[in-house]
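Working through the structure, step by step
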Amino acid sequence: MIIGNAGILRIILFVMGVAMLVITVSSLAKRKINESFSLVWGIISVALIVMGIIISPVEWNDYISTGGLFLILVIMFSIVYAAYFTSIRISQLTRENTELAIQVSLLNQENQRILNRLKEMTGLEIRDI
């Protein structure tokens with residue numbers, strides 16, 4: 001049985017969807033990506049799996065050559081990789097921003113405690129700048 005470009009496309013969509021789902025779940029488990037991005041990538045993965053099962057581009061063999069299909073797949077993989085890398089980077093920056101906000105809050109609390117203690121010891125009013 002010879003598989004044409006349409007069959008190759010269906011197989012690649014299905015495999016890509018399964019791989020993206022596995023990568024997304026493992027990234028969530030390793031805390032590389034936050035939950036909202038993980039949900040979006042999970043939905044995209046399931047959509048790719050369903051597309052790989054349902055679509056049947058029968059006449060693609062007449063319009064798209066094997067080289068053209070390869071070019072389309074390379075572009076598609078590049079876009080997905082860039083979007084996934086961006087999602088991971090945004091998740092990391094969001095996590096770092098949250099950690100910095102917590103540290104600033106703790107420093108402000110400690111600063112206030114020190115100012116109150118200094119006021120008790122000296123009896124002088126210290127104004128915040």
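This part takes up the packing of helix H1 (residues 5-29) against helix H4 (residues 66-122). The geometry of H1 relative to H4 is characterised by a closest axis approach of 12 Å and an angle of 15° between their N-to-C directions. Between H1 and H4, the angle is such that the two are roughly parallel. The hand of the H1/H4 crossing is right-handed. Across from Asn5, Ile8, Leu9, Ile12, Leu13, Met16, Met20, Ile23, Thr24 and Ser27 in H1, the residues of H4 making contact are Thr66, Leu69, Leu73, Met76, Phe77, Val80 and Tyr84. Looking at the contact of H1 with H4 residue by residue, the class counts come to 13 nonpolar, four polar and no charged.

Another aspect to go through is the pattern of salt bridges. For the structure shown, the criterion picks out two salt bridges. As a salt-bridge pair, arginine 31 and glutamate 35 come within 3.9 Å of each other at their nearest N and O atoms. We classify arginine 31 as exposed; its relative accessible area is 53%. Between arginine 117 and glutamate 120 there is a salt bridge whose closest N-O contact spans 3.8 Å. Remark: glutamate 120 and arginine 117 occur in helix H4; sequence separation between them is three residues, near one turn of the helix. For the pair formed by arginine 117 and glutamate 120, the shared burial category is exposed.

Before going further, it helps to spend a moment on a nonpolar patch on the surface. On the surface, a nonpolar cluster with roughly 920 Å² of combined accessible area is contributed by Ile3, Ile8, Ile11, Phe14, Val15, Val18, Val22, Val46, Val50, Ile53 and Ile54. At the level of elements, H1 and helix H2 (35-54) are the ones that each hand at least two residues to the nonpolar patch. By secondary structure assignment, the location of valine 18 is in helix H1.

On to the nonpolar core. One finds Leu9, Leu13, Met16, Met20, Ile33, Trp41, Leu48, Ile64, Leu69, Leu73, Tyr84 and Ile88 forming the largest nonpolar core, which totals 12 residues. Where this core is concerned, the elements lending two or more residues are H1, H2 and H4. Once you skip the residues sitting within four places of it in the chain, isoleucine 64 turns out to touch Asn5, Leu69 and Ile72.

With that settled, the discussion passes to H2. With 20 residues, H2 extends 28 Å from end C-alpha to end C-alpha; this agrees with the ideal 28 Å at 1.5 Å per step. Within the sequence span of H2, burial applies to Ser38, Trp41, Gly42, Ser45, Leu48, Ile49 and Gly52. Buried residues of H2, viewed axially, fall in a sector of 125°; they line one side. Of the residues in H2, the exposed ones pointing more than 90 degrees away from the buried face are Leu39, Ile43 and Ile54.

Right, let's talk about the confidence of the model for the protein chain for a bit. Looking at the protein chain, the pLDDT average stands at 87 and 95% of residues meet or exceed 70. Across the protein chain, the secondary-structure element scoring lowest on mean pLDDT is helix H3 (residues 60-63), at 73, and the one scoring highest is H2, at 92.

This part covers the side chain of serine 38. Tracing the backbone shows serine 38 in helix H2. Ignoring sequence-local partners within four residues, the contact set of serine 38 consists of Thr24, Leu28 and Ile33.

The rules behind each value
- Residues numbered from 1 in each chain as written.
- Predicted model: local features only at pLDDT ≥ 70, side-chain atom pairs only at ≥ 80, totals over all residues.
- Heavy atoms only, no water.
- Axes fitted to C-alpha atoms, helices over the stretch in contact; angles between N-to-C directions.
- Helix = DSSP H or I, 4+ residues; strand = E, 2+ residues; numbered from the N terminus.
- Parallel < 35°, antiparallel > 145°, perpendicular 65-115°, else oblique.
- Left-handed = near helix turned anticlockwise from the far one by under 90°.
- Contact = heavy atoms within 4.5 Å.
- Nonpolar A, V, L, I, M, F, W, Y, C, P; charged D, E, K, R; others polar.
- Salt bridge = Lys/Arg side-chain N within 4 Å of Asp/Glu carboxyl O.
- Buried < 20%, exposed > 50% of the residue type's maximum accessible area, 1.4 Å probe, protein only.
- Patch = residues over 30% accessible without salt bridge, like charges linked within 9 Å, V, L, I, M, F, W, Y side chains within 5 Å.
- Areas by Shrake-Rupley, 256 points an atom, 1.4 Å probe, with all protein chains shown as cover.
- Core = buried A, V, L, I, M, F, W, Y, C linked by side-chain atoms within 4.5 Å.
- Expected span 1.5 Å × (residues − 1).
- Arc of directions from axis to C-beta.
- pLDDT = per-residue confidence, 0-100.

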